[in-house]
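# Architecture and fold: a report
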Amino acid sequence: MSETKSREEIARLAKSIFDRGLTFGSSGNISLRLDDGWLMTPTGSTMGDLDPARLSKLDNDGNHLSGDKPTKENFLHMAMYEVRPETGAVVHLHSTHSVAVSCLADINPENVLPPITAYYAMKIGTLPLIPYFQPGDLDLARAVREMAGKYHAVLLANHGPVVAGKSLHDAVYAIEELEETARLFLMLRGMNTRFLTEDQVAALKTRFPA
Ligand SMILES: [Zn+2]
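Below you will find a few notes about this structure. (Residues numbered from 1 in each chain as written. Predicted model: local features only at pLDDT ≥ 70, side-chain atom pairs only at ≥ 80, totals over all residues. Heavy atoms only, no water.)

## Thoughts on the packing of helix α1 (residues 3–19) against helix α6 (residues 168–188)
Here α1 crosses α6 at 10°, and the two axes come no closer than 11 Å. By the angle class used here, α1 and α6 are roughly parallel. Contacts between α1 and α6 involve Glu-9, Ile-10, Arg-12, Leu-13 and Ile-17 on the former and, on the latter, Leu-168, His-169, Val-172 and Glu-176. Grouping the constituent residues of the contact of α1 with α6 by class yields five nonpolar, one polar and three charged. (Axes fitted to C-alpha atoms, helices over the stretch in contact; angles between N-to-C directions. Helix = DSSP H or I, 4+ residues; strand = E, 2+ residues; numbered from the N terminus. Parallel < 35°, antiparallel > 145°, perpendicular 65-115°, else oblique. Contact = heavy atoms within 4.5 Å. Nonpolar A, V, L, I, M, F, W, Y, C, P; charged D, E, K, R; others polar.)

Printed below as a string of structure tokens:
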């Protein structure tokens, strides 16, 4: 995809995410890998009204080249790209249901959500919880880097999800699946529920390898 097309695609998908209430105000950010660096949503911008021409462009070393200054959460994105070289895009949202789940005291930090549906099992699979850090704390980047080697999606405690994908569409579809699954999980809490079994999840992984 050309850089111009990539810029338009980021703005279009960001607006779609914002319009559906999946992130609010100036929260949430998107990055996309180019041959000669990265595109990133600017700091203080709203996902609902991005100007494709003003997206931040970074060079291959992560230096700001052009456009507005990148999101202050750019280190979350860079942590994913550093450890997962096949990553084409990263999306981070403050999506309500995922944030709600990240605040629960009794979740399993090694894998926050159960396999409720086959799509969740295929698009996310395992979702570790990263402990709470203050915004901008570089220890948060270190914690994400440690998990990103094994998992393309992580949930930041009391904050929100970060999801990497081979393409922008992959990352967006996966984070949407995560948010819907978090919503289902909250709806089902306290109800007698059948989740997918370990065998059913293993069969999916065999038939639809990532
Ligand atoms: Zn955030």
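## Brief notes about the nonpolar core
In terms of nonpolar packing, the biggest core is built from 37 residues, with Leu-113, Leu-127 and Leu-168 touching the most fellow members. At the level of secondary structure, the elements contributing two or more residues to this core comprise α1, β1 (29–34), β5 (89–92), β7 (153–156) and α6. Residue contacts for Leu-127: discarding those within four places in its chain leaves Glu-110, Asn-111, Val-112, Leu-113, Tyr-120, Ala-153, Val-154, Leu-155 and Leu-178. Met-40, Phe-75, Ala-141 and Leu-156 belong to the second-largest nonpolar core, a separate cluster that totals 21 residues. (Core = buried A, V, L, I, M, F, W, Y, C linked by side-chain atoms within 4.5 Å. Buried < 20%, exposed > 50% of the residue type's maximum accessible area, 1.4 Å probe, protein only.)

## A look at the pattern of salt bridges
Going through the model one piece at a time under the given rule, you end up with 13 salt bridges. For Arg-189, the salt bridge goes to Asp-106, with nearest N and O atoms at 3.5 Å. Residue Arg-189 is found in the loop between α6 and α7 (198–207), and its partner Asp-106 is found in the loop between α3 (96–102) and α4 (118–123); the two are separated by 83 residues along the sequence. Note on Asp-106: relative accessible area 56%, which makes it exposed. Through salt bridges with shared partners, a single ionic network connects Glu-3, Arg-7, Asp-36 and Lys-57. (Salt bridge = Lys/Arg side-chain N within 4 Å of Asp/Glu carboxyl O.)

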